[in-house]
Amino acid sequence: MTTESTSNIPLGVPTAARMYDEALGGKDHFEVDRAANARLYKAIGEDRVRSTAMENRRFLGRVVRYLSEECGIRQFLDVGSGLPTASNTHQIAKEADPGSRVVYVDIDPIVAVHGRALLADDSTRIVTADMRRPETILDDERVNGFLDFGRPVAVLFVAVFHFVTPEEDPAGIVAAFRERQAPGSYVAISHLTTDGMSEPEQQGWYAGFAGATVPLVLRKEADIRRLFHGYDLVEPGLVRPYDWRPGDDGSPRTSSLFGGVGRVSHPA
Ligand SMILES: C[S@@+](CC[C@H](N)C(=O)[O-])C[C@H]1O[C@@H](n2cnc3c(N)ncnc32)[C@H](O)[C@@H]1O
């Protein structure tokens, strides 16, 4: 259930959720989002932007499959989930076990509005919240009354931390979630990176997101790696998403992102 209404949806400014939807070939975006993406495409190249989005989405799919099929995870908290598209977390998780529970969280109210029909079943929830205030998610009864934090939960932060500034303490945000996670829990993170990205391309990404509802922050690989503090990275570690347990999903290969999965470390 959700209490979101279309009146909360920002119409005059681009949002990351709708821009991403456009880049993936979805239908849930407005003129202002298409205009922002047009700026991105002009600066960076349309193929590169769309490939980056698809590479990230393929990574998400392989991560959820790995966690559900190989690690036995049956509970997912997908933070910055984006608009429902093809191969969503709950659909992949339910292939392993129809009883898997998924909570989607996104700052953009359009996610709850558009997800309502698709997710109308008892094992999936959508919550509109801002991960920069972790307690608003972790103390929400729709989250902690639905997921059992006494058992393993995978928290997914896929392509969302590049919308969190250093002042907003990204490591502290991860820590707040980690502190609630039981042994055997996981985190997955992917992130746009400056490593291997030319200065003009970096400027192009920033120009594309100028004026969006959340600011963009590109990070170095070392800074992304620090977000995994308190977790042990599973093989193959923090890598380009197309290299993370590659399958036959036809992932594009850009050098725009890093991605990895970590398991809550045992206490020393
Ligand atoms: C690029 S999309 C990624 C969607 C999905 N995780 C994926 O990888 O396919 C980033 C999403 O993060 C959401 N987002 C950005 N800042 C957020 C915040 N502070 N709290 C929650 N969601 C946020 C945006 O609204 C957007 O839907």
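In the annotation of an unreviewed UniProt entry, the chain is listed under the name SAM-dependent methyltransferase and assigned to Nonomuraea longicatena.

**Q** What is the right way to look at the nonpolar core in this model?
**A** General note: in soluble globular proteins, nonpolar side chains tend to be found buried as a group. Among the nonpolar cores identified, the biggest contains 31 residues, and Leu77, Met131, Ile137, Phe157 and Phe177 are the most heavily contacted of them. Going through the elements one at a time, strand 1 (75-79), strand 2 (101-106), helix 6 (134-138), strand 4 (154-158), helix 8 (170-178), strand 5 (186-192) and strand 7 (257-264) are the ones with two or more residues in this core. Counting residues per element, this core draws most heavily on helix 8, at 3 residues. Those residues in contact with Met131 that lie beyond four places of it in its chain are Val79, Ile137, Phe157, Val160, Phe161, Val164, Ile173 and Phe177. Residues Tyr104, Val111, Ala188 and Val234 belong to the second largest nonpolar core, which totals 30 residues.

**Q** Just checking my understanding: could you explain the packing of helix 3 (residues 46-70) against helix 4 (residues 89-96) for this structure?
**A** When two helices pack together, their arrangement is given by the angle between their axes and by how far apart the axes lie. Running from N to C, helix 3 and helix 4 point in directions that differ by 30 degrees, and their axes come no closer than 9 Å. Classified by the angle between their axes, helix 3 and helix 4 sit roughly parallel to one another. By crossing handedness, the relation of helix 3 to helix 4 is classed as right-handed. For the pair helix 3 and helix 4, the contacting residues are Leu60, Gly61, Val64, Arg65, Ser68 and Glu69 in the first and Thr89, Ile92, Ala93, Glu95 and Ala96 in the second. For the contact of helix 3 with helix 4, the per-class residue count stands at 5 nonpolar, 3 polar and 3 charged.

**Q** Teacher, can you tell me more about the sheet that holds strand 3 (residues 124-128) here?
**A** Adjacent strands of a sheet pair through backbone hydrogen bonds, lying either parallel or antiparallel. In space, the 7 strands of this open sheet follow the order 3-2-1-4-5-7-6, with mixed pairing throughout. Strand pairing shows two members of the sheet lacking a second neighbour, strand 3 and strand 6 (231-233), which therefore form its edges. Mean inter-strand twist for the sheet, computed between neighbouring axes without regard to direction, equals 20 degrees. Taken together, the 5 bridges between strand 1 and strand 2 define a ladder with parallel strand orientation. Bridge pairing in strand 2 places Leu77 opposite Val103. Where helix 3 meets the sheet, its contacts fall on strand 1, strand 4, strand 5 and strand 7, and the angle it forms with strand 4 comes to roughly 175 degrees.

**Q** Just checking my understanding: could you explain the pairing of strand 2 for this structure?
**A** Successive side chains on a regular strand alternate, one facing one side of the sheet and the next facing the other. By the criterion of burial, strand 2 is predominantly enclosed, with 5 of the 6 residues buried. Remark: the strand 1/helix 4/strand 2 crossover connection has right-handed handedness.

**Q** Hey, could you run me through the pattern of salt bridges in this one?
**A** Pairing is possible between side chains of opposite charge, provided their charged atoms come close. Inspection of the entire model under this criterion finds 18 salt bridges. For Arg50, the salt bridge goes to Glu46, with nearest N and O atoms at 2.9 Å. Here Arg50 pairs with Glu46, and both are found in helix 3, just 4 residues apart, close to one helical turn. Note on Arg50: relative accessible area 25%, which makes it partly exposed. For Glu46, a relative accessible area of 39% puts it in the partly exposed group. For Glu168, the salt bridge goes to Arg132, with nearest N and O atoms at 3.1 Å. Taken as a pair, Glu168 in the loop between strand 4 and helix 8 and Arg132 in the loop between strand 3 and helix 6 lie far apart in primary sequence, 36 residues in all. Each of Glu22, Glu46 and Arg50 takes part in one network of salt bridges that share partners.

**Q** Help me understand the site of the ligand, please; the structure alone is not making it clear to me.
**A** Taken together, 20 residues lie around the ligand, and Tyr20, Asn56, Arg57, Gly80 and Asp106 are the ones closest in. Contacts to the ligand include Gly80, whose backbone N or O atom sits 2.7 Å from a nitrogen atom. In this structure, a nitrogen atom belonging to the ligand sits 3.1 Å away from a main-chain N or O atom of Ile107. Alone, the ligand offers 600 Å² of accessible surface; in the complex the protein occludes 98% of this. Those elements that place two or more of their residues in the shell around the ligand are helix 1 (16-23) and helix 3. If you tally residues by element for the shell around the ligand, the top one is helix 3, at 3 residues. For the shell around the ligand, a count of residues per class yields 11 nonpolar, 4 polar and 5 charged.

What counts, and where the lines are drawn
Residues numbered from 1 in each chain as written. Predicted model: local features only at pLDDT ≥ 70, side-chain atom pairs only at ≥ 80, totals over all residues. Heavy atoms only, no water. Core = buried A, V, L, I, M, F, W, Y, C linked by side-chain atoms within 4.5 Å. Buried < 20%, exposed > 50% of the residue type's maximum accessible area, 1.4 Å probe, protein only. Helix = DSSP H or I, 4+ residues; strand = E, 2+ residues; numbered from the N terminus. Contact = heavy atoms within 4.5 Å. Axes fitted to C-alpha atoms, helices over the stretch in contact; angles between N-to-C directions. Parallel < 35°, antiparallel > 145°, perpendicular 65-115°, else oblique. Left-handed = near helix turned anticlockwise from the far one by under 90°. Nonpolar A, V, L, I, M, F, W, Y, C, P; charged D, E, K, R; others polar. Pairing = 2+ DSSP bridges. Right-handed = clockwise from strand over helix to strand, strands pointing away. Salt bridge = Lys/Arg side-chain N within 4 Å of Asp/Glu carboxyl O. Near = heavy atom within 4 Å. Polar contact = N/O pair within 3.5 Å; in protein donor to acceptor, adjacent residues only side chain to side chain. Areas by Shrake-Rupley, 256 points an atom, 1.4 Å probe, with all protein chains shown as cover.

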